[in-house]
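Observations on the model geometry
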Amino acid sequence: MKSLVFIVICVTMGLSTVFGQKATNYQFTEGLYLNSSVLYDRTCIISDPVMSALFLGQLSPQEGKEFKFNFDNHTQTWKKLKANDKGVFIFPENATGHLYLSYNSDKEKIVWFQSIGNTMTVINGLPHEGDHYSFGWTQIPVKLKKGLNEFILTSGRGPTMSAKIIDEIKPIALVTEDMTLPDQILGEEDFCWGSIRIINSTEKQINGLLLECTTPSGSILINKVASIGAFSTMKAPFKIPHTDALEEQQLDCTLILMNKVGKIIDKIQIPISLKNKSRHHSRTFISEIDRSVQYYSVCPGQIPDSIKPAMFLSVHGASVEARGQAAAYMPKSWGHVVAATNRRPYGFGWEDWGRLDALEVLNISEKLYGTDPQRTYLTGHSMGGHGTWSLGANYPDRFAALAPCSGYPDMLNYANSKAQDQKTEAEKMMLRANNASRTVALSRNYLHNGIYILHGDSDETVPVALAQSMRQLLATFHPDFCYYEYPGGKHWFGNQSVDWPRIFDFFKYHTIPNPKDVRNIDFTTASPGVSSSANWIEIYQQEHSYSFSSVKFSFDPDHATIKGQTQNVSFLIIKKLILNGKPQLILDIDNQKLEINTQDKDLLLKKEVNRQWTVATALPSLKEKNPLRYGSFKDAFRHNMIFVYASKGSEKENEWYYNKARFDAETFLYRGNASVQLIKDTEFDLKKYPDCGVILYGNASNNAAWSKLLANCPLQVKNNDILFGNKHYSGSDLGCYFTWPRSDSNYASVGVIAGTGEKGMKACYANQYFLSGTGFPDVTIFNSGAVINTYQDVLCTGFFGNDWSIAKGDFYQK
């Protein structure tokens, strides 16, 4: 529990006055605050009585007025607060909370709203992304009403916030803050990718824009820009032409934004650094998650041509850029250091999309540098130390050795999450979807790796006790790890906090074994959709989705025998490479013996209803759950995803669902450097967006794309009703999140954010699914009381069966 403060700020224009003074600028300087105790945690369903009152039309802050908190019936009073001379509000006693602003405009006008220090901004009742990391570049285009305009800002990481309105804006503008740019590498002749934010401050969707990039030597590349929704921001990719320069320097390229007939809309200069490939540098690529431009940084090794280089994947800590991470290393004589980004300096804690980013960078850089597949290593500091524990646990056969530095092993334990016995059944089911984050439960996977733990003994940020706990755990089963506490070391004790020579000495003695030489496998996964295989064995399907599945097998090649145990596995693959051409195999699995003619192909094993294993002749259909698509609501947010919003409802519904899609796009841009296209439901076409993940906003009554994507789904949502199999949930106050496979794709999914009415759709306002450490199963249904009571008002949550049925799934139902 944290103490939260709610603040009201008022600024006026023209002759209006606030607190007896005329406003002369757009900086908010006076307000009110409300001190309260509100649940604030890494939770899937967030409790916020102030937001609940706002969306129910029951919030009217006034100085001296009491506000009642429904969950425990205590009250607090709104009090006046002034900003300092820099326009910054400092909350009393370093509390955190909400900020409320009102603005009287003498006319309708389009402006940018910019805030710093807040997590979310609600503008005239519609939620938008804030700037909780205080980057200082969040501009929200908005149309102000004539008269009173109201804003609420929820607090971020600290006790300070500020806000202003900017009205000297272009209708469509290039924004130089937050560009993603590469270094151009001398001698490489291909183009490279950059991206830039384009803000559409008009009331209409903009189509057909072009971005033209020109080098000083006159090389030109023209790029098409995806459609940009009304009052929204798109971070648009563009190609940067190759230059023939022969020495390191900085070039100022020209970037021109044009309409489809070539009329110039905006024009800026962008700096591009030309670097020798032997120097520290950054490269960019197009992500398969959302078509966005991401980057990674490299500390190239000084490697003789006679050896195949090793790969050292380094994952950074919170607030650190990949460029800074790579810069902390000196060049190595036998491998390259590659630093992924986690998509942002804070990103996703190397979980969810941060995990996918690390894998994208690893795959791209291994191919680019032609590294030795048996010499790939993983290390990282702080949050990156956690990333090392987490990535290493989930992908044990990808790395020869791990070196977590000053890291915490488990996200939820580090964040002081509630103990398991304090959680409701609904909360336990929801958090099951986040089991891939539970590194301690996956810790036996570390048997695949050598491990070197480095931690400062005086670390006050990540207590050394967390490293000591992992040392104690590993000592119970692991034969190959080193532990070192740096004397007097704080959280960062110079570049040796990561570039510690003994780590690389340790790495030298470790290689990834050839899978056919592995005789013993001990492997656990939270889901095949996250991680399915280790060496010669693959968990293809589970009995219970996102509960831990494990296999423990040994292979005796002299007697052609594999013996072992499984837990929560329904379909298993033993890869033919381990069989080495042996025509027959004796398999002792779960105390059941099978004599098998191998036929020189992968061995497919299926657990039948009677819990006996049989040899299968084929894999399950790709329409069933499988490693390419295993569910969880978050998993729908990939595969070049698009957001499809409702337009066939009431005016209020259409406004809300468009804004909700825009809010999620803003949040994913802010937290994940994303580039997501907003698509009107009537413009969505299956053939135009093949194999794309689709996030659908609205229900069957108001979203025209519903019937194209969800006609055969056993969960149907319409106004005033949810049908879940044979069970009806009735009322206009219901909300839900769920996922369903695209029937026309073998791997893409649909994610649905829907309400049964105004109360229900507004109960879905939060987007905690973009927060690492939160779990969202295949299905979650709740009523509007969840905005106050959290999990107590979750009506149903859980997982479909492997055939995507309700009957064979696991569900909590109230």
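Residues numbered from 1 in each chain as written. Predicted model: local features only at pLDDT ≥ 70, side-chain atom pairs only at ≥ 80, totals over all residues. Heavy atoms only, no water.

1. Here's the deal with the overall build of the chain
For clarity, the cut-off: To qualify as a helix, a DSSP run of H or I must reach at least 4 residues; to qualify as a strand, a run of E must reach at least 2; elements of each kind are numbered from the N terminus. As defined in this context, the radius of gyration uses C-alpha atoms, and a globule is described by 2.2 Å times the residue total to the power 0.38. Buried, partly exposed and exposed residues are distinguished by accessible area as a fraction of the type maximum, computed with a 1.4 Å probe on protein chains only: under 20%, between the cut-offs, and over 50%, respectively. Pairs of residues are marked as contacts when any of their non-hydrogen atoms sit within 4.5 Å. Working definition of accessibility: Shrake-Rupley area with a 1.4 Å probe, residue cover restricted to the visible protein chains. Positive charges are assigned to Lys and Arg, negative charges to Asp and Glu, while His and the chain termini are left out of the count. Taken as the charge centre is NZ of Lys, CZ of Arg, CG of Asp or CD of Glu, depending on the residue.
Regarding its fold elements, the chain presents 12 helices and 52 strands. Over its C-alpha trace the chain gives a radius of gyration of 27 Å, about what one expects of a compact globule, namely 28 Å for 814 residues. In terms of overall dimensions, the chain has C-alpha extents of about 90 × 70 × 60 Å along its principal axes. Burial statistics for the chain: of 814 residues in total, 61% are counted as buried. Once local pairs closer than 6 in sequence are excluded, the contacts in the chain between residues at least 24 apart make up 70%. When the accessible surface of the chain is summed, it comes to about 31500 Å², and 48% of that surface belongs to carbon and sulfur atoms. In the chain, the 82 positive side-chain charges and the 81 negative ones have mean positions that sit 3 Å from each other.

2. Points about the environment of Ile256
Along the polypeptide, Ile256 turns up in strand 22 (residues 249–258). Sequence separation between Ile256 and Phe571 is 315 residues, and the spatial gap between their C-alpha atoms is 54 Å. Beyond its immediate stretch of four places on either side in the chain, Ile256 contacts Leu210, Leu211, Glu212, Ile264, Asp266 and Lys267.

3. Examining the nonpolar core
Basically, it comes down to this: Among buried residues, those of type Ala, Val, Leu, Ile, Met, Phe, Trp, Tyr and Cys that are joined through side-chain atoms within 4.5 Å constitute a nonpolar core.
Ranked by size, the top nonpolar core spans 62 residues in total, and within it Phe637, Phe643, Phe668 and Tyr765 carry the most contacts. Phe285, Ala358, Tyr408 and Tyr446 belong to the second largest nonpolar core, which has 42 residues in total.

4. Observations concerning helix 9 (residues 651–672)
In plain terms, the rule: A helix is expected to span 1.5 Å for every residue after the first.
When the terminal C-alpha atoms of helix 9 are compared, their 31 Å separation across 22 residues agrees well with the 32 Å that a helix rising 1.5 Å per residue should span. Burial within helix 9 is extensive, with 19 of its 22 residues counted as buried. Residue Asn673 follows helix 9 closely and has a positive phi angle near 50 degrees.

5. Things to note about the side chain of Thr341
So the rule is basically this: Nitrogen and oxygen atoms within 3.5 Å of one another constitute a polar contact, given that in protein one can donate a hydrogen and the other can accept it, and given that sequence-neighbouring residues count only through two side-chain atoms.
Mapped onto the elements, Thr341 comes out in the loop between strand 27 (335–339) and helix 3 (353–369). Only 2.8 Å separates the side chain of Thr341 from the backbone nitrogen of Arg343, close enough to count as a polar contact. Ignoring sequence-local partners within four residues, the contact set of Thr341 consists of Gln294, Tyr295, Tyr296, His316, Ala322, Trp350 and Asp357.

6. Focus: unusual backbone geometry
Excluding glycine, residues mostly have negative phi values, and the peptide bonds linking residues are mostly trans. The phi angle at Ser382 is positive, at roughly 60 degrees, despite the residue not being glycine. With respect to the helices, strands and loops of the structure, Ser382 is situated in the loop between strand 28 (376–381) and helix 4 (383–394). Of note, Tyr546 is a non-glycine position whose phi angle comes to about 65 degrees, a positive value. Structurally, the position occupied by Tyr546 is in the loop between strand 34 (537–541) and strand 35 (549–556). Since its relative accessible area comes to 4%, Tyr546 is described here as buried.

7. Some points on the environment of Leu594
Residue placement: Leu594 occurs in strand 39 (residues 592–597). Considered as a pair, Leu594 and Met258 are 336 residues apart in the sequence and their alpha carbons are 68 Å apart. Excluding residues that lie within four positions of it along the chain, Leu594 makes contacts with Leu585, Ile586, Leu587, Leu605 and Trp613.

8. A short note on the sheet that holds strand 47 (residues 727–730)
Quick reminder of the rule: Only when DSSP finds a minimum of two bridges between them are two strands counted as paired. Structural elements are reduced to axes, namely lines fitted to C-alpha atoms, with helices fitted over the stretch in contact, and the angle between N-to-C directions of any two is expressed from 0 to 180 degrees.
If you trace the 3 strands from one edge of the open sheet to the other, you get 45-46-47, paired in antiparallel fashion. Edge positions in the sheet fall to strand 45 (715–718) and strand 47, since each has one partner strand and no second. The mean inter-strand angle of the sheet, taken between neighbouring strand axes irrespective of direction, is 10 degrees. Examined bridge by bridge, strand 46 (residues 721–724) and strand 47 share 4 bridges and lie antiparallel to one another. Directly across from Asp721, in strand 47, lies its bridge partner Ser730.

9. What to know about the packing of aromatic side chains
Note the following rule: A pair of aromatic rings is counted whenever rings of Phe, Tyr or Trp (Trp by its six-membered ring) have centres within 6.5 Å, and the orientation is called stacked for planes under 30 degrees apart, edge-to-face for over 60 and tilted otherwise.
Summed over the entire model, instances satisfying the criterion amount to 58 aromatic pairs. Centroid distance Tyr133 to Phe135: 5.8 Å. Interplanar angle 40 degrees. Geometry classified as tilted. The class for Phe135 is partly exposed, based on a relative accessible area of 27%. Between Tyr133 and Tyr670, the aromatic rings sit 6.1 Å apart at their centres with planes inclined by 5 degrees, giving stacked as the arrangement. Of this pair, Tyr133 sits in the loop between strand 12 (126–129) and strand 13 (139–144) while Tyr670 is found in helix 9, placing the two residues 537 residues apart along the sequence.

10. Observations concerning the pairing of strand 31 (residues 481–486)
Where we set the bar: Looking down the strands as they point away from you, a crossover is right-handed if its path from the first strand over the helix to the second goes clockwise.
In terms of strand pairing, strand 30 (residues 450–456) meets strand 31 through 6 bridges, oriented parallel. By the bridge assignment, Tyr452 is partnered in strand 31 with Cys482. The β-α-β motif built from strand 30, the intervening helix 7 (residues 464–474) and the parallel element strand 31 has right-handed crossover chirality.

11. Remarks on the side chain of Thr202
With respect to the helices, strands and loops of the structure, Thr202 is situated in the loop between strand 18 (192–200) and strand 19 (210–214). Taking the relative accessible area as the measure of exposure, Thr202 reaches 18% and is therefore buried. The contacts of Thr202, once residues within four sequence positions are left out, are Pro171, Ile172, Ala230 and Phe231.

12. Topic: the pairing of strand 38 (residues 584–589)
Two strands pair when backbone bridges link them, and strand 36 (residues 561–567) and strand 38 are joined in this way by 4 bridges, in the parallel orientation. In the sheet register, Thr561 faces strand 38, and the bridge partner there is Ile586. Across 6 bridges, the pairing between strand 38 and strand 39 is antiparallel. Counted as the bridge partner of Ile586 is Glu595 from strand 39.

13. Brief notes about the sheet that holds strand 22
The sheet built from 5 strands is open, its strands ordered 17-23-22-19-20 with mixed pairing. Both outer strands of the open sheet, strand 17 (183–185) and strand 20 (220–224), are each paired with one neighbouring strand and no more. Going from strand to strand, the sheet's axes swing by 30 degrees on average, the running direction of each strand aside. Bridge count for strand 17 against strand 23 (residues 264–275) is 3 bridges, and the pairing is parallel. Bridged to Gln184 within strand 23 is Leu274.

14. So, the pattern of salt bridges
Counted only if it meets this: Basic side-chain nitrogens of Lys or Arg form a salt bridge, by our definition, when they fall within 4 Å of a carboxyl oxygen of Asp or Glu.
Under the criterion given, the structure shown has 28 salt bridges. Asp178 serves as the salt-bridge partner of Arg197, at 3.9 Å between the closest nitrogen and oxygen. Remark: Asp178 occurs in strand 16 (residues 172–180) and Arg197 occurs in strand 18; sequence separation between them is 19 residues.

15. Side note on the state of the cysteines
Condition: Put simply, a disulfide is two cysteine sulfurs that come within 2.5 Å.
Per the stated rule, a full pass over the model turns up 0 disulfides. Unpaired in terms of disulfides, Cys253 finds its nearest cysteine sulfur in Cys213, a separation of 4.8 Å. Here Cys253 falls in the buried class, since its relative accessible area comes to 1%. Cys736 provides the cysteine sulfur closest to Cys713, a residue in no disulfide bond, and the two sulfurs are 9.4 Å apart. Among the residues examined, Cys713 registers a relative accessible area of 5% and is labelled buried.

16. Details of the confidence of the model for the chain
For clarity, the cut-off: pLDDT: the predictor's confidence for each residue, scored from 0 to 100.
Per-residue pLDDT for the chain averages 92, and the proportion of residues at 70 or more is 95%. When the criterion is pLDDT under 50, residues 1–24 qualifies, and its contacts beyond four places in sequence or with other chains add up to 95 contacts.

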